Amino acid sequence: MMTAPIASSSLEATVRAVSGDLDPGDVGLRGRLDEFVIASVMRNHDLRVGLFRFAEAFPAMEGPDDVMAHLRGYLGHDAMPWWVRLPIALAARIPFGSRIAAWAADRGISTMAKNFIGGRRAADVEPLVRRHWDAEVGVIIDALGEKTVTADQADDYAARILDIVAHLGRAAGSWPASPGLERDQLGVLPRVAVAIKPTGLSAKYQPLSAEIALADVRRRLDPIMQAATEHDVMVWFDMEQYAVKTLTQRLFADISHDWPNAHIGIVVQAYLRDSFDDLQRIIAQERDRRVPIGIRLVKGAYWDYETVVASAHGWPQPVYDAKVDTDANFERCSLLLVDNADVVRPSFASHNVRSLAHALAAASVRGLPKSALEIQALHGMGGDLAASAAKAGIRSRIYVPVGELVPGMSYLVRRLLENTSNESFIRQNRSKQMSRDQLLAAPRFTSKEDAA
Amino acid sequence: MTAASSRSLEAYEPEAMRAWHLPGVVERFAHEVEVADAALRGLNVPVTIDGRPVATEDGIDSFDPADPTRIVARSGSASAAVIDEAVAVANRTHRLWSAVPPAGRAEVLFAAADALRADRDRIAAIEVFEAGKPWSEADGDLCEAIDFLEFYGRAIVELDASLVVQSPLGEANSAGYRARGVTAVISPWNFPLAIPMGMVSAAIAAGNAVVFKPAEQTPAIAYEIVKAFEAAGLPEGVLSFTPGRGEVAGARLVEHPDVATIEFTGSRAVGLAINQRAAASSHSSRYVKRVIAEMGGKNAIVVDSDADLDEAVPEVAKAAFGFAGQKCSACSRLIVVGRRYDEVIERLAAHADTFILGHPKDGATSVGPVIDADAHERLLSVIDGTRGTVRYRHQRLPETGWFVPPTIVDGLESEAPLRRDEQFGPLLAVVHANDLDHAFELANATDYALTAGLFSRSPDAIARAGELQAGNIYVNRGTTGAVVGRQPFGGMLQSGTGPKAGTLDTLRALSSAWVVTENTMRQGFAADLVT
Ligand SMILES: Cc1cc2nc3c(=O)[nH]c(=O)nc-3n(C[C@H](O)[C@H](O)[C@H](O)COP(=O)(O)OP(=O)(O)OC[C@H]3O[C@@H](n4cnc5c(N)ncnc54)[C@H](O)[C@@H]3O)c2cc1C
């Protein structure tokens, strides 16, 4: 569709006004001690690496002595600040020291995990989900999984999603009505949503075995789609590494076609240089679907990984090099989504107040009803944000991972990276070193080509 | 193509492998495979000497190991007399070729790299049929061949400068390297392009003339090396191509008095025999023959108790079963530390069970056949004859073709063939270790020392990785897939003589160093001091 561009002056004024509705709160890890730790972790690169590596390996350690040995190896050496090094040295010397250290490590990591993970099983998160619902915040439940390298793991992942669908689908029936969450300008919306990581559904999920992979995934996905249809649950297809992006887009197109009445959504990662083109194509493909699809715009969670993989292989970088380009592209994609809100259901998943306010402002300038958009945030990072948005009448959902600590580790590490990255909005907002103007400044592409 | 300044070793970058996830890449390769499938039958691969095909009485057929009814190529088979002719030509041309300055020789290598690049998918498609390589493996072999050309081309230009000599007052010293003479290259079928290209290109870069005898199983791919150098304008006679039988052509090459250097990659038994024969035949030669041999490995990966199994399992499986275990760098022993022993085996088995065994012409194939009927029969009898416990044996094998099931065995005595001998197939022996000391002891309990791996998240364990006895040690990744310029490759002990492939050392081994010292004082008059 051809629409006149939005004048940037009126848009920016609206961004400012709308941003008042969004309160990022005390996002991320809580408490004064945590703030001290995070500030130190950001200053000291070795400490950051040591802590993350220790935490990441923790679930595999065998008993207190093993924990102690890892602590010494990762955090007990000279490059560490004294307040990290000394307690470890002390613990190594006193009786029961390693037990105490192991206990403390366990406490620390479990607390952190609880912060980001909603619970172990579907049943555990029911109260949390219900609390959100009562505060007019919807949920998307994600089943954390080990990397799927076997058929059993794929079966298990599918079974856990089925369990979530059945459990919450059933429970949702008894919830009180919440009109803002159950309708948008295009029609009714399911109360509950699940997220699916397609790589979890087949050990063969790679482009060289595309046909086999898709068949393998479908064997496990179709029962999920069936259950989701029966229980009226929306299914989101999360986007993962670039190497499987095309495969997941194909899978989504197949599902969209084969399950025409299902509520489904796909993710577009704005850090990808080809994401704007993808978004245009997806909109064109799906615009006539009877049940309009959801499109979740994110920046993308695998920036380090993509950068390393492409550079090691000598491949063109699929992601932008500069954060500001990702931000600018996010906004370009937001405008496209806003302009197509009559045929798809845009949602914006971010903890960046500027990015979200921009999308909301664009919708407002275009005269769209509030219900046309949705914002999404992560459990443990965007709770306050979602709640404040909900209060302002903006439909919001919280993405809640469910599962055990071991398989949850890679998810946790991604969140830790976000909480401690200098580039991250959450971090910049929390560190209070930037003015509100700076935080809300419009991002500009670094090169003219992209801006075109 | 590339500017001269970028042609330094420092600016060297390996060739990018095909990114199958990018638009059109799979389709393009699929097309080349289809073309090869339709056309690749009975390709004529002649003995080539002095740029001319030479008719031979005998011939050797190569087969598609996934469908042995297909004869991929019919190559000539060099007799001892044909070898003599090739060596004579090489003996004549090497003087002319070594007179070309290093930069000029480098240009030829770069041009050969361009020739391969231009034809990359076509040649890789031949590998799919003649070597039974799955797509990624075939593509990887092409990249590595290009890498050797780009690497040695740069390295030869920098070689002389690496020989540092000082000149005090009154004395002018200069030094450099010159070619040794005729180099015999005897190559295997498992990296049918990259390994011989590495050996041939290093020898040619260093100014030698080469007589190249490829493996009997993969002459058509080897012939692409000759074609690439021809396209690159290498003077005729610098590279002769003599496919033939090991016992005939190979044996004569090794014993020929005018052969100065023998580059060999293959089994330990043949490598040791070549070493012995080369030494013995040096008595009737002007040369003390030098043998550069890369032999096998009985490579171990240690999985520590705290390893990340999400990473370890797929990486070990790829190292053990990728290209049906037919890499000298392949992992054939897995040593698991601690309580998760059974968990590791079970997950590894379940992962191997997701592999797709099939004709490599199908892009989805993850494991193809083994190279020939002999290997097939031998490997199956090793599995059937093992006294250990077969913990896993893949069951979905294609009906035709030389397929061997990926197999995991434990409960083996330390002297069991699966723990001691290189099998060169998709067979993995697993051993339990109580702790890391024990694991390293087990890993090092072999005469081979090629590659080794360690999966661990313990800083102490990682710091000890160097205690593993191997030329190439990998931490938290699989043991295969060395990249030229990043992992100079080669082993110690019975795994080879050294030097490592992809180093200046290899060029030195193919050269002789010279030093000229001139006394610059005449009648008490020192040229250096005249101002
Ligand atoms: C509900 C929800 C669902 C999500 N689902 C997915 C999903 O399916 N797939 C997925 O990949 N991610 C997903 N994400 C994660 C998301 O992609 C971001 O990682 C995360 O939200 C941080 O982005 P931000 O806008 O909140 O923060 P910001 O701080 O504004 O942005 C951080 C992001 O900028 C990008 N970035 C950082 N440095 C650079 C650089 N040097 N150059 C270019 N770009 C850079 C990265 O994408 C990084 O995550 C989801 C997030 C939410 C809230």
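The structure we're discussing is the one just above.
Residues numbered from 1 in each chain as written. Chains lettered and ligands numbered in written order. Predicted model: local features only at pLDDT ≥ 70, side-chain atom pairs only at ≥ 80, totals over all residues. Heavy atoms only, no water.

Draft legend 1. Spatial organisation of the sheet that holds strand 1 (residues 137-143) of chain A. All names here are of chain A. With respect to topology, 8 strands assemble into a closed barrel ordered 1-4-5-6-7-8-9-10, the strand pairing being parallel. For this sheet, the mean angle separating the axes of adjacent strands, direction not counted, is 30°. Pairing analysis gives 4 bridges linking strand 7 (residues 294-298) to strand 8 (residues 345-349), with the strands arranged parallel. Each bridged residue has a counterpart across the sheet, and for Gly294 the counterpart in strand 8 is Arg345. The strands touched by helix 7 (residues 122-134) within the sheet are strand 1 and strand 10 (395-402), with strand 1 carrying the most contacts at an inclination of about 160°. Across the sheet, helix 11 (residues 245-258) touches strand 5 (233-237) and strand 6 (264-269), and the angle it forms with strand 6 is around 160°. (Pairing = 2+ DSSP bridges. Helix = DSSP H or I, 4+ residues; strand = E, 2+ residues; numbered from the N terminus. Axes fitted to C-alpha atoms, helices over the stretch in contact; angles between N-to-C directions. Contact = heavy atoms within 4.5 Å.)

Draft legend 2. Inspection of the interface of chain A and chain B at higher detail. With 30 residues of chain A at the interface, the matching set in chain B holds 32 residues. For the pair chain A and chain B, the summed buried surface comes to about 2,600 Å²; carbon and sulfur atoms form 59% of the total. On the chain A side of the contact with chain B, A:Glu62, A:Leu208 and A:Trp315 bury the most area, a combined 26% of that side's loss. Salt-bridge contacts for B:Glu311 lead to A:Lys147; the nearest nitrogen and oxygen are separated by 3.9 Å. Inspection of the region where chain A meets chain B yields 9 residue pairs in polar contact (both at pLDDT 80 or more). (Buried area = accessible area lost by both parts, 1.4 Å probe. Salt bridge = Lys/Arg side-chain N within 4 Å of Asp/Glu carboxyl O. Polar contact = N/O pair within 3.5 Å; in protein donor to acceptor, adjacent residues only side chain to side chain.)

Draft legend 3. Spatial organisation of the side chain of B:Ser282. One can find B:Ser282 in the loop between helix 9 (268-281) and strand 11 (290-294). Setting aside chain neighbours within four positions, we find B:Ser282 in contact with B:Tyr287, B:Val288 and B:Lys289.

Draft legend 4. Seen up close, the nonpolar core. Of all hydrophobic cores here, the largest spans 96 residues; its most connected members are A:Leu22, A:Leu221 and A:Ile295. For A:Leu22, the residues in contact, after removing those within four places along its chain, are A:Val353, A:Leu356, A:Ala357, A:Leu360, A:Ile375, A:Leu385, A:Ser388, A:Ala389 and A:Ile394. (Core = buried A, V, L, I, M, F, W, Y, C linked by side-chain atoms within 4.5 Å. Buried < 20%, exposed > 50% of the residue type's maximum accessible area, 1.4 Å probe, protein only.)

Draft legend 5. Representation of the sheet that holds strand 18 (residues 451-455) of chain B in the model. Residue and element names in this part refer to chain B. Reading across from one edge, 14-15-16-13-12-18-19 is the order of the 7 strands in this open sheet, with mixed pairing throughout. Each edge of the open sheet carries a strand with a single partner, namely strand 14 (389-393) and strand 19 (472-475). Averaged over all neighbouring strand pairs, the angle between strand axes comes to 20°, with direction disregarded. Examined bridge by bridge, strand 12 (residues 299-303) and strand 18 share 4 bridges and lie parallel to one another.

Draft legend 6. Structural detail: the pattern of salt bridges. Residue and element names in this part refer to chain A. In the structure shown here, the tally under the stated rule is 66 salt bridges over all chains. The shortest N-O distance in the salt bridge between Arg296 and Asp238 comes to 2.9 Å. Residue Arg296 is found in strand 7, and its partner Asp238 is found in the loop between strand 5 and helix 11; the two are separated by 58 residues along the sequence. Accessibility assignment for this pair places Arg296 and Asp238 in one class, buried. Of the charged contacts in the structure, one is a salt bridge between Arg354 and Glu331, with a shortest N-O distance of 2.9 Å.

Draft legend 7. Quick look at the packing of aromatic side chains. One pass over the structure, following the stated rule, counts 16 aromatic pairs over all chains. Through a chain of ring-to-ring contacts, three or more aromatic side chains come together here, namely B:Tyr12, B:Phe148, B:Phe151 and B:Tyr152. In this structure, A:Arg296 is placed above the aromatic ring of A:Trp236, and the distance from its NZ or CZ to the ring centre is 4.8 Å. For the cation-ring pair, B:Arg268 lies above B:Tyr448, with the distance from its terminal atom to the ring centre recorded as 5.1 Å. (Phe/Tyr/Trp six-rings, centres within 6.5 Å; stacked < 30°, edge-to-face > 60°. Lys NZ or Arg CZ within 6 Å of the ring centre and 35° of its normal.)

Draft legend 8. Just the pairing of strand 12 of chain B, in detail. All names here are of chain B. Along strand 12, 5 of the 5 residues are buried, which leaves the element largely enclosed by surrounding structure. Relative to strand 13 (residues 331-337), strand 12 runs parallel, the two being bridged by 5 bridges. Looking at strand 13, one finds that Ile301 is bridged to Leu334.

Function cannot be inferred from these measures alone, as they are strictly geometric.
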